[in-house]
Every structure is written in C-alpha cells, then in structure tokens.
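What follows is the residue order along each chain.
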Amino acid sequence: MLSDNNAHIDVEPAVNPADRPGRYQVTTLEKTMTNRREFIVQLSLGTGALAASQAMAAGPMLAENDAQATALGYKADATKVDVKKFPKYAAGQACKNCQLYQGKPTDAAGGCPLFAGKQVAGAGWCSAYAKKA
Ligand code: SF4
C-alpha cells in the first residue's frame, strides 16, 4: 500500500495562462514541433552562412587596374583586349576555356593561379592564356 509520500506524479510545469491566452499547458508534441522548427530554421541559416563563407573564400573579382592584371593585359571582357599590344589574342579565347581557369566553363567567374585570392571573369582574358586541351 502506498503512503501519501509515495503518491507522486511528475507533471510538466504549466505555462502561465496569462502568457498564452486560451492555452493552459505546453504539450510534449508542441515542444517537439517547436524543436523541429528551430532545427529547420537553424539548418537553413547554417546553409546560408556556408554559402556566404564559400563566396568569401572564392575572393573578390580581379580589377583590370590591378598591377599584375595590367602587366598581363587582363580584361574582364575578352573582346576588349588591346590586340595591337597583345596580338596573340584570338576571338573565342577566354578564361573559361583556358587551362589555368579553376571554375567550370559555365561559371561567370573562377579562380586563376596567376591571381591568387581573386576571381577572374569567365569571359575574361590575359596574355598568359593557354587553350584548354
Ligand atoms: S591565365 Fe587563363 S584563366 Fe588566368 S586570367 Fe589569364 S586567360 Fe584567364
């Protein structure tokens, strides 16, 4: 036989009805759903932060007036290459089909080892161009 001291039942603390008008208690199901929502929100925020950090890791776009870019005759638009100064340029040559281009051919921009930490335009060109095999 149980004494009064053993007759103990765990009850979840009720939410103050004044804080949640029309509701008396947060159910376990509500807590689970809230946790899932928080998880999904945190997951989507984390994914966004990851994408942002990857964009930062790719680096800023190379400026045409960068000292090394100027020395190599880099243009973000290959059709603007000074052909008198760089006669080796031929129509159709662009970073996106250069061996050194680190992006995919369809990427608007990508890395190039000649300009570490920067991105070159897929449509760009410089005098170190080497046709991708
Ligand atoms: S080396 Fe190739 S990828 Fe790099 S800037 Fe020159 S043309 Fe573009």
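Being a predicted model, the structure only gives us computed values, none of them experimental.

> I'd like a rundown of the overall build of the protein chain, residues and numbers included.
Looking only at helices and strands, the protein chain features 2 helices and 2 strands. Starting at the N terminus and walking to the C terminus, you meet the elements of the protein chain as α-α-β-β. Taken over 133 residues, the protein chain has a buried fraction of 18%. Contacts spanning at least 24 positions in sequence make up 54% of the contacts within the protein chain whose residues lie at least 6 apart.

> Lay out the environment of Asp107 with the relevant residues and their values.
In this fold, Asp107 is placed in the loop between α2 (67–71) and β1 (109–111). According to the C-beta neighbour criterion, Asp107 is partly exposed, with 16 such atoms within 10 Å. Residues Asp107 and Ala121, 14 residues apart in the sequence, show an inter-C-alpha distance of 8.5 Å.

> Lay out the nonpolar core in plain terms, naming residues and giving numbers.
In terms of nonpolar packing, the biggest core is built from 17 residues, with Leu62, Cys95, Cys112, Phe115, Val120 and Trp125 touching the most fellow members. If near-sequence neighbours (up to four positions away) are discounted, Trp125 is found in contact with Lys75, Ala78, Val81, Tyr89, Gln93, Ala94 and Cys95.

> So what's going on with the environment of Gln119? Which residues, and what values?
Looking at the secondary structure, you find Gln119 in strand β2 (residues 119–121). Taking the C-beta count within 10 Å as the criterion, Gln119 has 22 such neighbours and is therefore assigned buried. For the pair formed by Gln119 and Gly59, sequence separation is 60 residues and the distance between their alpha carbons is 6.1 Å. When residues no more than four places from it in sequence are discounted, the contact partners of Gln119 are Ala58, Gly59, Pro60, Met61, Leu62, Ala109, Gly110 and Gly111.

Rules used in this analysis
- Residues numbered from 1 in each chain as written.
- Predicted model: local features only at pLDDT ≥ 70, side-chain atom pairs only at ≥ 80, totals over all residues.
- Helix = DSSP H or I, 4+ residues; strand = E, 2+ residues; numbered from the N terminus.
- Buried ≥ 20, exposed ≤ 12 C-beta atoms within 10 Å, placed from the backbone.
- Contact = placed C-beta atoms within 7 Å.
- Core = buried A, V, L, I, M, F, W, Y, C linked by C-beta atoms within 7 Å.

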